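These are the residues of each chain, in order.
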Amino acid sequence: MSVNPQEPSTKTRTVDAVIVGAGFSGLYLLHKLRQQNLTAVVFEAGTGVGGTWYWNRYPGARVDVESLAYSYSFSEDLEQEYPWEERYPTQPEILKYANHVADRFDLRKDIVFRTRVTSAAWAEDQRTWLVRTEHEDAVTARFLIMATGCLSAPKLPEVPGIENFKGTSYQTSRWPHEQIDFTGQRVGIIGTGSSGVQSIPVIAETADSLTVFQRTPSYSLPARNRRLRDDEIAAMRENYRAYRKAQRESGAGVPVEVPTKSALEVSEPERNAAFEAAWESGSLVNLLSTFTDFATNQQANDTAKRWIHGKIRDIVQDPQTAEDLCPDYPVGTKRPCLDTNYYETFNEPHVHLVNLKRTPLVEVTDKGIRTSEQEHEFDVIVYATGFDAMTGALTNVDIRGRDGLSLKETWSAGPRTYLGIGSAGFPNLFMITGPGSPSVLSNMIVSIEQHVDWVNDVIAHLDREGLRTIEATPAAQDDWVDHVNLLASYTLYPRANSWYMGANVPGKTRVFMPYCGGVGEYRKKCDDVAARGYEGFELA
Ligand code: N01
């Protein structure tokens, strides 16, 4: 089936699978399904491929996993030939890679761009999905595969007056395609998660003034980014198969030395040396795996917290600003950041920090931002205020399963999935890196490839066996949700108001959404389920 990407068609048609999203998941899915001689159409809201890396074009945007590890493993030729340039590639470099993959595997002809999927309804008599788009496309498909990403439904701050601002506003996750010049501009930015932490130093380089509105500070490590050396690229290429195996068996999709000691059983100098080594390495996983009990024991975690506070106080000259930048929740329970000159930027005389815990946001005015203390006037406001994570992109589509069951309503008290792949009541619906899978706690590409391979295998199995449908059983789903919650309850994760918990979206039920048992364990579970004839799923 061929669709001209520039001219979204309005004809009703039938394919084996509708894929929603042309990011790293959607691209690989399309490639895999085609290899099975299945027909698929991908609907993509953007004008190009790349998903996260298409939308998040803000200054300073980079990935926090190293390029040689944050890349597809399915094609050895691609792996051997792709010329990565930097340790932590920039957004343009990653987008170039996504485009290269789309061209190399001739994927574009089955992608309909500029087209958002609005609804999908299961037709029991046909045992197919009817998928509709904003352009009135209607496609019938045996399988609906949501490759919509975990951080793709953006949210603005819940303050009145955003529309009243007379200057220019930008949202980090909806950044314009052209270069923005901040020279001579008074800029205000709301949000200090990864997007804020990465963009603040770059915006500060040219802005006349930059005022940072912080509700919750982040823990951030210096990325120590650099150009890759030829010898390290060659060494990785030589060793890629073994490295990929180690990735798949690891905790977070990035192989690291597994810690053997508690933070509380070593001397303070030994502990501090371990933290210093992680800080110097410029790697988040190194920090998070310094000790065995970092994620589970408050006292152990406090040692890291105090140590990082010391670093912040060493770097930031103004004592009040330094205190305001010190987080008080356990390290790692909100996603930590990797930065280049983040804390240093607050030593610049034209950069100011506003602590919203002391002086909350009141409104956006025509001139700028008003807190409980004063009105700040700006030419530009940047919103780095995050996403309705993990569920937003799924529930934004009106998905109706058996008997008109609404996914959004079914998940109103928190997402319910089996393995983060399927959901009871929604036959032949697959989620790539859905809630209940390791997803955001891992190197996303490792998790994406695992889900795509698993989904592809189960579709092949159904076809081989002459079966039409697969659906999670309510019992298996309940057990899985309980298991995911139980694992989270052993950790410190639930102690922070994070987007992992849905705490950043007012009214969203608080539940820890990802599976925190590690990608290696998770993969074993998925393989085991498949080996037992897709145990926990009903096949018919
Ligand atoms: O979003 P966030 P993000 N009033 O939700 C604040 C990945 N990522 O786009 O923490 C005032 O982390 C909010 O405050 P609080 C990565 O997984 C990766 O930065 O809710 N402030 C917070 O400070 C990351 O974790 C990379 O109290 C408000 C900020 O806005 C995830 O994406 C780069 C507010 C939002 O931070 C999301 O990151 C970028 C309000 N009403 C992103 N509402 C890399 O790979 C929100 N905030 C490096």
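Residues numbered from 1 in each chain as written. Predicted model: local features only at pLDDT ≥ 70, side-chain atom pairs only at ≥ 80, totals over all residues.

Undergrad: Could you clarify how one ought to interpret the sheet that holds strand β14 (residues 368-371) in this entry?
TA: Whether parallel or antiparallel, the strands of a sheet pair through hydrogen bonds between backbone atoms. Judged by pairing direction, the sheet is antiparallel, and its 3 strands sit side by side in the order β13-β14-β15 without closing on themselves. Here the strands that pair on one side only, and so sit at the sheet edges, are β13 (361-364) and β15 (375-377). Going across the sheet, the axis of each strand differs from the next one's by a mean of 20 degrees, ignoring polarity. Pairing geometry for β13 and β14, over 3 bridges, is antiparallel. From the neighbouring strand, Glu363 faces β14, where its bridge partner is Arg370. (Pairing = 2+ DSSP bridges. Helix = DSSP H or I, 4+ residues; strand = E, 2+ residues; numbered from the N terminus. Axes fitted to C-alpha atoms, helices over the stretch in contact; angles between N-to-C directions.)

Undergrad: Help me out: how do you make sense of helix α4 (residues 91-104) in this one?
TA: Because the α-helix completes a turn every 3.6 residues, residues three or four places apart line up on one side. Between its first and last C-alpha, α4 extends 20 Å over 14 residues, near the 20 Å set by a 1.5 Å rise per residue. Every buried residue of α4 is listed here: Gln91, Ile94, Leu95, Tyr97, Ala98, Val101 and Ala102. For α4, the buried positions fall inside an angular range of 155 degrees around the axis, keeping them on one side. α4 presents Pro92 and Asp103 as exposed residues on the side facing more than 90 degrees away from its buried surface. Residues of α4 that are buried sit in contact with α1 (24-35) and α2 (52-55). (Expected span 1.5 Å × (residues − 1). Buried ≥ 20, exposed ≤ 12 C-beta atoms within 10 Å, placed from the backbone. Arc of directions from axis to C-beta. Contact = placed C-beta atoms within 7 Å.)

Undergrad: Sorry if this is basic, but what is going on with the sheet that holds strand β12 (residues 351-355) here?
TA: As summarised here, the arrangement of the 5 strands in space is β7-β16-β8-β9-β12, forming an open sheet in which the pairing is parallel. Whereas interior strands pair on both sides, the edge strands pair on one side only; in this sheet they are β7 (168-171) and β12. Taken pair by pair, the neighbouring strands of this sheet meet at an average axis angle of 20 degrees, ignoring direction. Where strand β8 (residues 186-190) meets strand β16 (residues 380-383), 4 bridges bridge the pair, whose relative direction is parallel. For Ile189, the partnering residue across the bridge sits in β16 and is Val382.

Undergrad: Please clarify how unusual backbone geometry should be interpreted in this entry.
TA: Residues other than glycine seldom take positive phi values, yet Asn341 does so here, at roughly 65 degrees. Checked against the element boundaries, Asn341 lands in the loop between β11 (337-339) and α11 (342-345). Looking at Asn341, the number of C-beta atoms within 10 Å reads 18, which means it is partly exposed. A positive phi is found at Tyr534, a non-glycine position, where the angle reads about 60 degrees. Among the structural elements, Tyr534 can be located in the loop between α16 (519-531) and β20 (537-539). Residue classification places Tyr534 among the buried residues on the basis of 20 C-beta atoms within 10 Å.

Undergrad: Before we go on, may I ask you to explain the site of the ligand in this structure?
TA: The immediate surroundings of the ligand are formed by 29 residues, with Pro157, Gly191, Gly193, Arg335 and Gly386 found nearest. Element by element, the count of residues in the shell around the ligand is highest for helix α5 (residues 194-206), at 4 residues. (Near = placed C-beta within 6 Å.)

Undergrad: Can you walk me through the confidence of the model for the chain in this structure?
TA: It should be kept in mind that the predicted coordinates are not to be read in detail where pLDDT is low. Confidence in the prediction of the chain, expressed as mean pLDDT, is 96, and 98% of residues score 70 or more. Here the prediction assigns the complex a pTM of 0.97, and the interface score ipTM is 0.99. (pLDDT = per-residue confidence, 0-100.)

Undergrad: Hey, could you run me through the nonpolar core in this one?
TA: Most often, soluble globular proteins have nonpolar side chains that are buried together. Counting residues in hydrophobic clusters, the biggest one holds 151 residues, and the most contacted among them are Val18, Ile19, Leu27, Ala98, Leu144, Ile145 and Ile189. The dominant element in this core, judged by the number of residues it contributes, is helix α14 (residues 444-465), at 9 residues. Setting aside its immediate chain neighbours within four residues, Ile189 contacts Gly196, Ile200, Ile203, Leu210, Val212, Phe213, Val382 and Ala384. (Core = buried A, V, L, I, M, F, W, Y, C linked by C-beta atoms within 7 Å.)

Undergrad: Please clarify how the packing of α14 against α16 should be interpreted in this entry.
TA: Angle between the axes and distance between the axes: these two values describe a pair of packed helices. Running from N to C, α14 and α16 cross one another at 0 degrees; their axes reach a closest spacing of 11 Å. Classed by the angle they form, the pair α14 and α16 counts as roughly parallel. Along its contact with α14, which presents Val446, Ser447, Gln450, Trp454 and Asp457, the element α16 presents Val519, Arg523, Cys526 and Ala530. A per-class count over the contact of α14 with α16 returns 5 nonpolar, 2 polar and 2 charged. (Parallel < 35°, antiparallel > 145°, perpendicular 65-115°, else oblique. Nonpolar A, V, L, I, M, F, W, Y, C, P; charged D, E, K, R; others polar.)

Undergrad: Explain the packing of α1 against α14 here, please?
TA: Between α1 and α14, the shortest axis-to-axis distance is 10 Å and the interhelical angle comes to 30 degrees. The hand of the α1/α14 crossing is right-handed. Judged by residue contacts, Phe24, Ser25, Tyr28, Leu29, Lys32 and Leu33 of α1 engage Met444, Ile445, Ile448, Glu449, Val452 and Asn456 from α14. (Left-handed = near helix turned anticlockwise from the far one by under 90°.)

Undergrad: Can you walk me through helix α7 (residues 268-281) in this structure?
TA: With 14 residues, α7 should reach 20 Å at 1.5 Å per residue; the first-to-last C-alpha distance of 20 Å fits that figure. Those residues of α7 that fall on the buried side of the exposure criterion are Arg271, Ala274, Phe275 and Ala278. When α7 is viewed along its axis, its buried side chains cluster within an angular range of 95 degrees and face the same direction. Opposite its buried face, α7 presents the exposed residues Pro269, Glu270, Glu276 and Glu280, each directed more than 90 degrees away. On its buried face, α7 sits against α8 (284-288) and α9 (298-315). Downstream of α7 by a residue or two, Gly282 has a phi angle that is positive, lying close to 65 degrees.

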